[in-house]
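# Structural overview for review
Chain by chain, the residues run as shown.
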Amino acid sequence: MKTHKFAAGTLLLLTSLFASLAPAQSAYQPAAENLKARQEFQDAKFGMFIHWGVYSVLGDGEWVFHNRKLTVQEYDRLPKFFDPEKFDAKAWVALAKAAGMKYITITSRHHDGFAMFDSKVSDWNIVQRTPYGKDPLKMLADEAHRQGIKLFFYYSQLDWHNPDYYPRGATETEGGWHNGRPDHGDWNAYLDDYMDGQLRELLTNYGPIGGIWFDGMWDKPDADWHLAKTYALIHQLQPAALIIPNHHRAPLPGEDVQTFERDLPGQNTAGFNTKFVTDQLPLESCNTLNDSWGFNIGDHAYKSAEEVEEMLVRAAGNNSNLLLNIGPMPNGEIQQEFVTRLHDVGEWMARYGESIYGTRGGPIAPADWGVSTQKADKVYVHVLHWSGKLLALPPIQGAVRSARMLGDDASVAFTQNRDGVVLTLPEKKERKVDEVIVLTVAKQ
Ligand code: FHN
């Protein structure tokens, strides 16, 4: 099931268009706080992505406005039905923590432009348009601070609602979708007043935030997005806030993380990403727990806890974080299918997290059989798919002093010579997603 019909073909085209642009980070000098935040971000490894908006009322994903070709007038009726009386910020943060997640990235607004926070820039927001009348992002931010977890705000640059988002982008022009907005608008006002105004609110009213996760620039790849101005505003208001742009292209000046959608860094099976992977910035890969981002009653393609664990291990082995999405229901609850799986992943992380948290991609290149991560004098060999008794690894720097199974600490026989390291894998006592062998390596 696709979250939206537009995605694959068009985004592939835009991706290849952007791929020709050279990566440029040279002009931007991140502050010391920002560099520290990048390290912490890399150490965190696992985050919860939350897509939540008034679209959840229709239970058909976050692209329902576009996919059903609704008019603005029709879509404007939705907020009146959005009353998440069961929303419990404490429970959401506790769930993320129980899953072993170290940060949360939530949609402050998606492509419908609807602010899920108390915005004074426009009344198209949850406080003024819904019977709920409260600001869930404020509650979440306060709770995240209380429970010691970082909160990032997703912010859609693409806007299907504001008339000043003009000229229109590919999501409207290519599908022949006219949603009733006038055929004129003030692009500069959209960026400088509306968008920057809302970003100023998000970076001022919610305490220290992890950063801003941008999405939607791919809708108008040739437009001037005033990025330098917007990025400078963010870094000026909160120097440690990380700018994470999901524009599907090589990083641009002012950006702090390179993110990949539904793929590991360097892969492009889903048709969203550039194959260019920077070695200058932290990496992140996002995916969903089923197939949708926003709440979708027809989507039962839930990934198992084991599949999520493998995604997480593969991300870490590729020196990347995993940002795993759930789409809460319109009443504010998180469906049981997600809760159960997240608890299972959390149990696994409690046992094997040592080989994930605080690590970087290891010295052994990722392969079908598995990946490696590393931290201090430890190399973690994650055996995901290997049925043989012997596992031959390429050469690694430094003498291997010991090899032990993570979990029961059983010792693992090995040999090392200039051609590599050969491990003799113990008999499996139980079926595990990931057999982790910890190599202690002498520093050179
Ligand atoms: O169109 C969005 C989609 O709804 C979702 O937010 C994902 C998350 O990475 N990003 C966009 C597509 O690139």
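First, a word on what this report is: a plain description of the structure on this page. Keep in mind that this is a model prediction, so the values were computed, not measured. Here, residues in each chain are numbered from 1, in the same order as that chain's written sequence. In view of the model being predicted, local features appear only for residues whose pLDDT reaches at least 70, and side-chain atom pairs are presented and counted only at 80 or more, with totals across whole chains, interfaces and linings using the full set of residues. Excluded from the side-chain calculation are hydrogens and water; included are all heavy atoms of the structure.

## With respect to the nonpolar core
As a reminder, the rule being used: The definition of a nonpolar core used throughout is a set of buried Ala, Val, Leu, Ile, Met, Phe, Trp, Tyr and Cys residues joined through side-chain atoms within 4.5 Å. Think of it in three bands: with a 1.4 Å probe and only protein chains considered, a residue is buried below 20% of the maximum accessible area for its type, exposed above 50%, and partly exposed in between. The helix count covers DSSP runs of H or I at least four residues long, the strand count covers runs of E at least two residues long, and both are numbered beginning at the N terminus. Here, residues are in contact when the closest pair of their heavy atoms is within 4.5 Å.
In this structure, Phe46, Met48, Tyr75, Phe153, Leu199, Ile212 and Leu342 are the most contacted members of the largest nonpolar core, which totals 94 residues. No other element matches helix α9 (residues 187-204), which puts 8 residues into this core. When near neighbours in sequence (up to four residues on either side) are disregarded, Leu199 contacts Tyr155, Ile212, Phe214, Thr230 and Ile234. Listed in part, the 18 residues of the second largest apolar core include Leu391, Leu393, Met405 and Val441.

## Quick look at the site of the ligand
This is how the line gets drawn: Here a residue counts as near a molecule or strand whenever at least one of its heavy atoms sits within 4 Å of it. Two N or O atoms form a polar contact when they lie within 3.5 Å of each other; inside protein one atom must be a possible hydrogen donor and the other a possible acceptor, and for residues adjacent in sequence the pair counts only when both atoms belong to side chains. Exposure was quantified through the Shrake-Rupley algorithm and a 1.4 Å probe, taking into account, for residues, occlusion by the shown protein chains and nothing else. Amino acid classes used here: Ala, Val, Leu, Ile, Met, Phe, Trp, Tyr, Cys and Pro are nonpolar; Asp, Glu, Lys and Arg are charged; the rest, including Gly, are polar.
With respect to spatial proximity, 15 residues lie near the ligand, and among them His51, Glu62, His111, Asp215 and Glu261 are the closest. Interatomic distance of 2.7 Å between a side-chain N/O atom of His111 and an oxygen atom of the ligand. One of the side-chain nitrogen or oxygen atoms of Asn246 is found 3.5 Å away from an oxygen atom of the ligand. Here the ligand loses 100% of its free accessible area of 330 Å² to cover by the protein chains. Here the residues of the shell around the ligand are counted per class, giving 6 nonpolar, 6 polar and 3 charged.

## Things to note about a negative patch on the surface
Going by this rule: Candidates for patches are residues over 30% relative accessible area with no salt bridge; among them, like charges are joined within 9 Å and nonpolar side chains (Val, Leu, Ile, Met, Phe, Trp, Tyr) within 5 Å. Think of a salt bridge as a Lys or Arg side-chain nitrogen and an Asp or Glu carboxyl oxygen that are within 4 Å of each other. For this count, His and the chain ends are skipped, Lys and Arg are scored as positive, and Asp and Glu as negative. For this purpose, a charge sits on NZ of Lys, CZ of Arg, CG of Asp or CD of Glu.
Side chains of Glu306, Glu307, Asp344 and Glu347 sit close together on the surface and give a patch of like negative charge. Sorting the residues of the negative patch by element identifies α11 (305-317) and α12 (336-352) as the ones contributing at least two each. Looking at where Glu347 falls in the secondary structure, it is placed in helix α12. Note on Glu347: relative accessible area 58%, which makes it exposed.

## Quick notes on empty space enclosed by the protein
Filter applied, for reference: A pocket, in this scheme, is an open set of points on a 1 Å grid over the protein atoms alone with protein on both sides within 12 Å along at least 5 of 7 lines, while a cavity is a set where a 1.4 Å probe fits but cannot get out; residues line either one if an atom lies within 4 Å of a point. Grid points are joined across faces, edges and corners, and a volume is the space filled by probe spheres set on the points.
Per the stated rule, a full pass over the model turns up 3 cavities of 30 Å³ or more. Computed from the structure, the second largest cavity encloses a volume of approximately 50 Å³. Every residue lining the second largest cavity is listed: Pro245, His247, His248, Arg249, Pro251, Val257, Gln258, Thr259, Phe260, Asn273 and Thr274. If you tally residues by element for the lining of the second largest cavity, the top one is strand β6 (residues 258-261), at 3 residues.

## A short note on the packing of aromatic side chains
Note on aromatic pairs: each is described by the distance of the centres and the angle between the planes. Note the cut-off: Pairing of aromatic side chains here covers Phe, Tyr and the six-membered ring of Trp, requires ring centres within 6.5 Å, and sorts the geometry by plane angle: under 30 degrees stacked, over 60 edge-to-face, intermediate tilted.
For the structure on display, the rule yields 31 aromatic pairs. Ring geometry for Phe114 versus Trp124: centroids 4.8 Å apart, planes at 90°, classification edge-to-face. Of this pair, Phe114 sits in the loop between β2 (103-109) and α6 (126-129) while Trp124 is found in the loop between β2 and α6, placing the two residues 10 residues apart along the sequence. Judged by relative accessible area, which is 1%, Phe114 ranks as buried. Trp124 gets classed as buried once you look at its relative accessible area, which sits at 2%. Taking the centre distance of 5.6 Å and the plane angle of 70° together, the rings of Tyr165 and Trp187 count as edge-to-face. Highlighted residues: Tyr165 in the loop between β3 (150-156) and α8 (170-173) and Trp187 in helix α9, separated in sequence by 22 residues. Within the aromatic cluster, the residues linked to one another by ring pairs are Trp63, Phe65, Tyr75, Phe114, Trp124, Trp160, Trp177 and Trp218.

## Remarks on the layout of surface pockets
Within this model, the largest pocket holds a volume of roughly 340 Å³. For the largest pocket, the lining is made up of 22 residues, of which Glu40, Lys150, Phe152, Ile209 and Gly210 are closest to its centre. Of all the elements in the fold, those that place two or more residues in the lining of the largest pocket are α2 (32-44), α7 (136-147) and β3. Considering each element in turn, the lining of the largest pocket owes the most residues, 6 residues, to α2.

## What to know about the pattern of salt bridges
A side chain with one charge can pair with a side chain of the opposite charge if their charged atoms come near. Across all of its chains, the model carries 20 salt bridges by this definition. In this structure, the salt-bridge partner of Asp159 is Arg109, at a minimum N-O distance of 3.1 Å. Note that Asp159 is positioned in the loop between β3 and α8 and Arg109 in strand β2, a separation of 50 residues in sequence. The two residues Asp159 and Arg109 agree in class, both being buried. Between Lys229 and Asp196 there is a salt bridge whose closest N-O contact spans 3.8 Å. You can see Lys229 sitting in helix α10 (residues 227-237) and its partner Asp196 sitting in helix α9, a full 33 residues away along the chain. For Asp196, a relative accessible area of 5% corresponds to the buried category.

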